[in-house]
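So you can see what is in the structure, the chains are spelled out below.
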Amino acid sequence: MLATVAGIAAEALLPGSTESYWPALLLVPLLLAVQWKGTQRCRQIVLLAVCFLVGGWWLSRHPLPEPPEVNVAPAERALVEGCIVSAPRLEPERVRFVLAVSEAEKMQVSVYSRQGEAIPALSYGMRMQVLARVRPPRNFRNPGAFDYEGYLYRQRIFWLGSASGSKSVKVLGEGCGRPLIGAFHGLRGQLLNRLEELFSGDAFTRQYLAANLFGEDAGLPEEVREDFRRAGVYHTLVISGQHVAILATTAFFLLQLTPMPRWGRYLLVALICWAYTLISGYEVPAVRAAVAVSLYLAGSLAYRRARQLNLLSAIALLFLGWDPSLLLDAGFQLSFGAVLLIAGIAAPLQQRVFAPWIAAAKRLHDTAMDLRLPMMVAAIRVELRLAARTLWLATGIPEHYAQHVVSACVWTMASMGSLVMISVVVQAGLSPLLIELFHRTPLMGPLANLVMGPLLAVLLPAGFVHTALPCAPLGWLLETLSHCAR
């Protein structure tokens, strides 16, 4: 995976034609010879070289699309007809959506409201006409500015349209787009309307839950979003892999209590993850997490032990095989970079530093368990029993309860230490990328994530349960957690 990614990155930095890779076929005889008589190290080197060249060649066959020629001058008003292929984002002064004008050409349209006018309710799959000022996207020329033009081109969005007032929009009908995607978008709209009904008297809770559950952060005040950016927890307001992981873990735990067969539970968990991914807008981090959950569950059904780096590599190659230009996307880089840091650095450190303490704190009263544990863990358990006896002698509480107190304290401290370590590793590893892309890095990220992670783990399942089956205590809990997060 790393060799293939390096090849794609080299092709992106030094673009070449597809024909320039033909001399690489000379490696084929070398590869056959090495496979026949070479050493293991030689075979690995040649294989990595082949992966490097394949990555560059694959990107050369998928160049960034060029915008088609149009007979509209920049900022000229034009009547554009197409199909809405995204969830319309309703903001305080405008509604924004993506309009497909052909099979592979799209326009991002912003319709601004005028005083006293209401913009018609829009949804995925509507065919419509828009009288808009059309212009191609352009990047700022400041050094290090975000490549907004490339970001849109990778999504086949070649124009930006700006319209004003309800008279500039005309709905022609419905039924375009993909029926399955349209059904999930309809369900998303119903759930958002449900949130509006349940929290009609608390605008902030409604907006915050819409952002956390469905990634609909446009309704939140700008100062709140900026505070989340500065704290390094803005990812909780957009759908990320963490959301899918929380939902999968909750569904898996609840389904364990049912008499369903093992394969049925696993299948239902995978379907729940994919349904949530589609409802929330099928962003790259959510799709990546849904693929990871599906592969993990499929491997578990085959009684295969999950290896995080192998799983991450397989998912990355699947995504890059579909579209190698994804490697240039900031969301892809941050998403996979974070998971790579967790799986490659944070998880091994956690296993070495904190895992022995967590294992030692379990069933501290069971001395026979020491014989089945590694020597280091067994030695820690002996020390913890001595600490519990010291607590018993100092306070007079029964030794059995003292062991429970020591066990709970050690488990809590080790678990908190694991979370802090993961957050610090991810923050430190992503800081160069954050500085390059956004010219900032939140120093309070590790501590803020230590608070927001557990809060999101409670808020996400509770929000869905309350939306489906309203319950007064759950509503109070969601309002309290939302205002605490603020």
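The structure under discussion appears in the preceding block.
Anyway, here's the lowdown on the structure attached to this text. None of these values were measured; they are calculated from a predicted model.

1. Quick look at the packing of aromatic side chains
Applying the stated criterion across every chain, the model contains eleven aromatic pairs. Note on Y153 and F158: the rings are 5.6 Å apart at their centroids and 50° apart in plane angle, and the pair reads as tilted. The residues Y153 and F158 share a single accessibility class, namely buried. Taking 5.8 Å as the distance between ring centres and 15° as the angle between the ring planes, the aromatic pair formed by F204 and Y208 counts as stacked. In this pair, F204 and Y208 are both assigned in helix α6 (residues 203-214), four residues apart and thus about one turn of the helix distant. Given a relative accessible area of 6%, F204 falls into the buried group. Taking the relative accessible area as the measure of exposure, Y208 reaches 0% and is therefore buried. A cation over a ring is seen here: R288 above F336, with NZ or CZ 5.8 Å from the ring centre.

2. As for the packing of helix α12 (residues 330-353) against helix α15 (residues 399-438)
Between two packed helices, both the angle of their axes relative to each other and the distance between the axes serve to describe the pair. Contact geometry of α12 with α15 gives a least axis separation of 8 Å together with a crossing angle of 150°. What the angle tells us is that α12 and α15 run roughly antiparallel. Handedness of the α12/α15 crossing: right-handed. For the pair α12 and α15, contact is made by A330, Q333, L334, G337, A338, L341, I342, I345, A346, L349, Q350 and V353 and by S418, M421, I422, V425, V426, G429, L430, L433, L434, L437 and F438, respectively. Counted by class, the contact of α12 with α15 contains 18 nonpolar, five polar and no charged residues.

3. Observations regarding the environment of V377
Relative to the helices and strands, V377 resides in helix α14 (residues 375-395). Taking the C-alpha atoms as reference points, V377 and P356, separated by 21 residues in sequence, lie 5.5 Å from one another.

4. A word on the pattern of salt bridges
Evaluation of the coordinates by the stated rule reveals six salt bridges. Of the charged contacts in the structure, one is a salt bridge between R127 and E81, with a shortest N-O distance of 3.8 Å. Taken together, the positions of R127 in strand β5 (residues 126-135) and E81 in strand β1 (residues 76-84) put the pair 46 residues apart, joining distant regions of the chain. With relative accessibility at 34%, the residue R127 sits in the partly exposed group. In this structure, R389 engages E399 in a salt bridge whose closest nitrogen and oxygen atoms are separated by 3.3 Å. Of this pair, R389 sits in helix α14 while E399 is found in helix α15, placing the two residues ten residues apart along the sequence. Residues joined by salt bridges that share partners form a network here, namely D370, R381 and R385.

Rules behind the numbers
- Within every chain, residues take consecutive numbers counted from 1 along the sequence as written.
- Given that the model is predicted, a residue must reach a pLDDT of at least 70 before its local features are reported, and side-chain atom pairs must reach 80 or more before they are shown or counted; all residues, however, enter totals for whole chains, interfaces and linings.
- Working from all heavy atoms in the structure, the side-chain values ignore hydrogens and water.
- Each pair of aromatic rings taken from Phe, Tyr and Trp, with Trp reduced to its six-membered ring, is defined by centres within 6.5 Å and is described as stacked if the planes are under 30 degrees apart, edge-to-face if over 60, and tilted in the remaining cases.
- For every residue, the accessible area obtained with a 1.4 Å probe (protein chains only) is divided by the maximum for its type, and the residue is called buried under 20%, exposed over 50%, and partly exposed between those limits.
- Strands here mean DSSP runs of E at least two residues long; helices mean DSSP runs of H or I at least four residues long; both are numbered from the N terminus.
- Any Lys NZ or Arg CZ found within 6 Å of a ring centre and within 35 degrees of that ring's normal is scored as a charge over the ring.
- Angles here are taken between N-to-C directions and fall from 0 to 180 degrees, while the axes themselves are lines fitted to C-alpha atoms, restricted in helices to the stretch in contact.
- Angle categories are assigned with fixed cut-offs, so that under 35 degrees is roughly parallel, over 145 is roughly antiparallel, 65 to 115 is roughly perpendicular, and the rest are oblique.
- In this scheme the crossing of two helices becomes right-handed for a clockwise turn of the near helix relative to the far one and left-handed for an anticlockwise turn of less than a right angle.
- Note on contacts: a residue pair is in contact if any heavy atoms of the two residues lie within 4.5 Å.
- For this classification, the nonpolar set comprises Ala, Val, Leu, Ile, Met, Phe, Trp, Tyr, Cys and Pro, the charged set comprises Asp, Glu, Lys and Arg, and every other residue, Gly included, is treated as polar.
- Definition used for salt bridges: Asp or Glu carboxyl oxygen within 4 Å of a side-chain nitrogen of Lys or Arg.

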